[in-house]
Amino acid sequence: MNFPGQPFFERSMAAVASLEPKPPQREGSAKPPETKSEAAPATRPDWVVRAVPFFYGWLILPISMVAQFTTSPGQTYGVSLFNTHFSNDLQLSPLDVSFAYMWGTIIASLPMSLVGGFADRFGIRRSMTAVVLIFGCACLFMSQVGGVWSLFLGFLLIRMFGQGSLTLLATNSVDMWFRKRLGFAVGIRNLSMPMALALFPLISEALIDNIGWRSTYVVLGLGVWGLMLPLLLVFFRNRPEDIGQLPDGVKQLPVKPHLSTPVEPESDAHLPQFTLGEALLTRSYWILVTLMSSWAMIATALTFVMVRFLQSRGLSEDDAPVIFLCTALTMAICQFVGGWLADHIKLHWLMSVGAAGLALSVICYANITSVYGCALFGLVFGAAQGVAVSGASSAWARYFGRAHLGKIKGSSMTWIVAGSAAGPYLLNLGADYCGGYEPVLWLFTATFAALAIACMFCTPPHVKYSQPQF
């Protein structure tokens, strides 16, 4: 896939990348290369790394959490706060806003594999810096939209570089630094999601009330730059091997009692490293993609129509915050616990339980009749998301390796972002044809129930050497 200026861009990135040593690369193949142990990677003199007295991955972890938080202006819960202002000030109908949002998001989902490929080739640090710069500009552009087409372009930019690209790179950064403790690290990293869900709407609402929605977007763009650029330029590093460390902070080779020499730890040279083409031929890849894209589609749909749905049940808009608060609470708890469990139980069982919980949450949503029903849905919904996401987030690196992880997860992000775009439209369309939301909600329930069964077969894929390479 090419775009204007791509050869110049790639030459420029390659020239900059040549200034830093890179780990040995090989042509895409699941077959491990014959290399020596990575127990002693080459070390770069780095005063920042030397000043950190502990494993550097534990510093990358909070940076990735900040990055995930700064995606909020491009997330559905961030955009939804501005919808009424778009309609009133731009003289657009809610359908016009939804149309621009849907198509902007769908198109934004297409280049995610390309973004992941750039990260694999040039490093997450450079790729994330470029994405942060463009995302900040996109927020500034949103403050100047004047009609449906400029709004569409604004949605395209904030969804592509916020919800899509920055989320992809933020999650990949942790995958580079942990292996044995990846589930625990992912559980901590995912705490940024409920934190953003609880805090960002309050921050944005306060800004909108005091300075207006256009100035709020200016503040958000400057905030993205102010939070992320110093962290990326000073503290962020791509991989532990680049600074003389190993994943999980392994410092020395373990020695077994019956052996006189240390036992070489697992390293990328001894684990399957799937290319995108090889991953596409595995059953587990498609189960993971289906689970995550269905979750994005249905969760976005339920959130997007929440106020209207509550009003149809005799409740008010003021009851919606109860759902967000309860969701954030149980999501935070279950993502942390789920991350710990991901290091101790089979991931396919964790994902299966999470999918079953999501099915139960949709049933709770369909039966909301009071504020207590709102709280029950929020509690179940948050817990199920925490468990399912913890299992799926850990599976990518553990199942397919780190060598081509950016491109592999980037391809999955295309489906996930597209699913989040289609969800609200499909729910509203089904409601118009069926006379209410309930038939569509039961279809959503059946989807998650089927995924709960399918996830039982989402096991680590076997290495096959005849798979295509790209």
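Reading guide: rules and limits
- Residues numbered from 1 in each chain as written.
- Predicted model: local features only at pLDDT ≥ 70, side-chain atom pairs only at ≥ 80, totals over all residues.
- Heavy atoms only, no water.
- Helix = DSSP H or I, 4+ residues; strand = E, 2+ residues; numbered from the N terminus.
- Contact = heavy atoms within 4.5 Å.
- Areas by Shrake-Rupley, 256 points an atom, 1.4 Å probe, with all protein chains shown as cover.
- 1 Å grid on protein atoms, 1.4 Å probe; cavity = no way out; pocket = protein on both sides within 12 Å on 5 of 7 lines; lining within 4 Å.
- Points joined across faces, edges and corners; volume = space filled by probe spheres on them.
- Nonpolar A, V, L, I, M, F, W, Y, C, P; charged D, E, K, R; others polar.
- Phe/Tyr/Trp six-rings, centres within 6.5 Å; stacked < 30°, edge-to-face > 60°.
- Buried < 20%, exposed > 50% of the residue type's maximum accessible area, 1.4 Å probe, protein only.
- Patch = residues over 30% accessible without salt bridge, like charges linked within 9 Å, V, L, I, M, F, W, Y side chains within 5 Å.
- Salt bridge = Lys/Arg side-chain N within 4 Å of Asp/Glu carboxyl O.
- Core = buried A, V, L, I, M, F, W, Y, C linked by side-chain atoms within 4.5 Å.
- Expected span 1.5 Å × (residues − 1).
- Bend = angle between axes of the 7 residues up to and from the residue.
- Axes fitted to C-alpha atoms, helices over the stretch in contact; angles between N-to-C directions.
- Parallel < 35°, antiparallel > 145°, perpendicular 65-115°, else oblique.
- Left-handed = near helix turned anticlockwise from the far one by under 90°.
- pLDDT = per-residue confidence, 0-100.

Student: Hey, could you run me through the overall build of the protein in this one?
Tutor: Scanning the protein for helices and strands turns up 20 helices and zero strands. In the protein, 86% of the contacts between residues at least 6 apart in sequence involve partners at least 24 apart. Carbon and sulfur atoms make up 68% of the accessible area of the protein, which totals about 20,600 Å².

Student: It is not clear to me how empty space enclosed by the protein should be interpreted in this structure. Could you clarify?
Tutor: Once rolled over the atoms, a probe with the size of a water molecule shows which space is left empty. Within this structure, the stated rule accounts for two cavities of 30 Å³ or more. Considering only enclosed or pocket space, the largest cavity measures out at about 770 Å³ in volume. Looking at the lining of the largest cavity, the elements with two or more residues in it are α4 (76-79), α9 (148-175), α11 (192-211), α14 (283-304), α16 (320-342), α18 (371-400) and α19 (405-434). The element contributing the most residues to the lining of the largest cavity is α14, with six residues. Residues that form the lining of the largest cavity fall into these classes: 17 nonpolar, 16 polar and three charged.

Student: What should I look at first to understand the packing of aromatic side chains in this one?
Tutor: The description of an aromatic ring pair rests on the distance of the ring centres and on the angle between the ring planes. On inspection of all chains with the given rule, the structure shows 25 aromatic pairs. Between F55 and W177, the aromatic rings sit 5.9 Å apart at their centres with planes inclined by 55°, giving tilted as the arrangement. Remark: W177 occurs in the loop between α9 and α10 (182-189) and F55 occurs in the loop between α2 (47-51) and α3 (57-69); sequence separation between them is 122 residues. Comparing F55 with W177, the two get one shared label, buried. Aromatic side chains W396 and F400 sit 6.0 Å apart centroid to centroid with 35° between the ring planes, which places their arrangement in the tilted category.

Student: Would you mind showing me how to read a nonpolar patch on the surface here?
Tutor: Residues L329, I333, F336, V337 and L379 make up a contiguous nonpolar surface patch of about 420 Å² in total accessible area. If one sorts the elements of the nonpolar patch by residue count, α16 sits on top with four residues. A relative accessible area of 38% means that V337 is categorised as partly exposed.

Student: In this structure, what is going on with the pattern of salt bridges? I would like to understand it.
Tutor: When charged atoms on two side chains of opposite charge get close, those side chains can pair. A complete count under the given rule lists three salt bridges for this structure. Between E438 and R313 there is a salt bridge; the shortest N-O distance is 2.6 Å. Of this pair, E438 sits in helix α20 (residues 438-454) while R313 sits in the loop between α15 (306-312) and α16; the two residues are 125 residues apart in sequence, bridging distant segments of the chain. A relative accessible area of 30% means that E438 is categorised as partly exposed.

Student: Looking at this model, I keep getting lost on the nonpolar core. Mind explaining?
Tutor: F86, F155 and M351 are the most contacted members of the largest nonpolar core, which has 131 residues in total. A per-element tally of this core places α18 first, with 14 residues. Other than its neighbours up to four places away in sequence, M351 contacts L288, L291, A388, G391, A392, A395, Y399, C455 and C458.

Student: It is not clear to me how α19 should be interpreted in this structure. Could you clarify?
Tutor: Side chains that are three or four residues apart share a direction in an α-helix, a result of its 3.6 residues per turn. Across its 30 residues, α19 extends 42 Å between first and last C-alpha, which sits within 8% of the 44 Å expected from 1.5 Å per residue. Along α19, the helix axis deviates most sharply at A422, where the bend reaches about 30°; the proline P424 sits within four residues downstream.

Student: How should the packing of helix α8 (residues 124-142) against helix α12 (residues 213-235) be read in this particular structure?
Tutor: Helix packing geometry: the angle between the two helix axes and the distance between the axes. Relative to each other, α8 and α12 sit at 170°, their axes nearing to 7 Å. As far as their axial angle goes, α12 and α8 are roughly antiparallel. As α8 packs across α12, the resulting crossing turns out to be left-handed. Of α12, the residues touching α8 (which contributes R125, M128, T129, V132, L133, F135, G136, C137, C139, L140 and M142) are W213, Y217, V218, L220, G221, V224, W225, M228, L229, L232, L233 and V234.

Student: Any chance you could explain the environment of G187 here in plain terms?
Tutor: Residue position: G187 is located in helix α10. Note on G187: relative accessible area 0%, which makes it buried. Sequence separation between G187 and A332 is 145 residues; the distance between their C-alpha atoms is 8.6 Å.

Student: Looking at this structure, how should I read the confidence of the model for the protein?
Tutor: As a general rule, the predicted coordinates of low-pLDDT regions are not to be interpreted in detail. On average, residues of the protein score 80 in pLDDT, and 84% of them reach the 70 mark or higher. Considering only residues more than four positions removed or in separate chains, one finds that residues 1-42, a stretch of pLDDT under 50, has 62 contacts. Counted against residues more than four places away or in other chains, residues 465-470, with its pLDDT under 50, gives 20 contacts.

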